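# Summary of the model geometry
Spelled out, the chains give:
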Amino acid sequence: KAPCQRPAMTDLLHYSGQAIERAGEKRRDDGWISGQLGSAAARIVPIWQGKSLLAGDGAAYLAASEAWHLLEGAPSEPIFLGIDELGPLFALDLSHLSEVSAANLLSNADFQELYGVATQLVRREASLLSHAAWMVHWTRRHRFCGACGQPTTSREAGHVRACTNENCGVLHFPRTDPVVIKLITRGDNVL
């Protein structure tokens with residue numbers, strides 16, 4: 001009997017395939033960020049009520065140059081995610097759109113819960129969509145300062161929320177939750 005062949009652990013972790021340059025050192029440069037958002041290669045990763053836009057078996061992106069009208073009424077500004085081989089990527093919360101408007105963004109795409117389809121996506125897309133959805137969720141949950149209750153404003157291309165109260169001035173950052181997952185085995189058996 002041949003031993004059990006297990007796929008590499010990285011093949012099983014669908015949210016681990018991030019393949020973009022996050023350009024963290026550039027986030028404080030508002031001019032650089034504006035230039036990236038205005039570039040012809042810039043793409044929007046749309047999030048609507050926590051759902052990701054998917055077309056067939058992959059992520060669907062919007063060209064930033066064609067999505068300016070979506071910014072009107074948006075609950076927050078685009079969040080810089082990073083740059084891949086095609087250009088800059090920005091997450092945008094489109095939850096202000098009606099269900100019909102959201103459904104009609106692209107004729108061959110629809111918004112879906114990522115949890116149900118992540119294992120069917122290419123790892124790097126699952127990772128990118130997860131990151132985009134999390135950043136949009138975090139931004140929505142931190143519109144007000146947790147210390148004094150005053151409104152916050154976006155800094156560092158969406159990766160920092162700053163309290164607008166000059167007597168407070170607290171900076172809020174996205175949470176990082178380290179996780180360890182272990183698989184206990186003995187021979188070919190899993191506990």
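Our subject in this report is the structure included herewith. Note that the coordinates shown come from a computational prediction; the quantities given were computed from them, not determined experimentally. (Residues numbered from 1 in each chain as written. Predicted model: local features only at pLDDT ≥ 70, side-chain atom pairs only at ≥ 80, totals over all residues. Heavy atoms only, no water.)

## Remarks on the overall build of the chain
- Across its full length, the chain carries five helices and 12 strands.
- Expressed as lengths along the three principal axes of its C-alpha atoms, the size of the chain is roughly 70 × 45 × 30 Å.
- Relative to its 191 residues, the chain shows a buried fraction of 38%.
- Relative to all contacts within the chain whose residues are 6 or more apart in sequence, the contacts with residues 24 or more apart total 60%.
- Accessible surface computed for the chain: about 11500 Å², of which carbon and sulfur atoms make up 51%. (Helix = DSSP H or I, 4+ residues; strand = E, 2+ residues; numbered from the N terminus. Buried < 20%, exposed > 50% of the residue type's maximum accessible area, 1.4 Å probe, protein only. Contact = heavy atoms within 4.5 Å. Areas by Shrake-Rupley, 256 points an atom, 1.4 Å probe, with all protein chains shown as cover.)

## A word on the side chain of Arg27
- Residue placement: Arg27 occurs in the loop between α1 (9–12) and α2 (30–38).
- Despite its burial, Arg27 remains without a salt bridge, the nearest opposite charge being carried by Glu156 at 5.6 Å.
- Aside from chain neighbours lying at most four places away, what touches Arg27 is Arg22, Ile33, Phe80, Glu156, Ala157 and His159. (Lys, Arg positive; Asp, Glu negative; His and termini not counted. Salt bridge = Lys/Arg side-chain N within 4 Å of Asp/Glu carboxyl O.)

## Quick look at the side chain of Ser52
- When you line up the elements, Ser52 lands in strand β2 (residues 51–55).
- When near neighbours in sequence (up to four residues on either side) are disregarded, Ser52 contacts Pro46, Ile47, Asp110, Phe111, Gln112, Leu114 and Leu129.

## Notes on the sheet that holds strand β10 (residues 171–172)
- Reading across from one edge, β8-β9-β10 is the order of the three strands in this open sheet, with antiparallel pairing throughout. In this open sheet, the two edge strands, each paired with only one partner strand, are β8 (152–155) and β10. (Pairing = 2+ DSSP bridges.)

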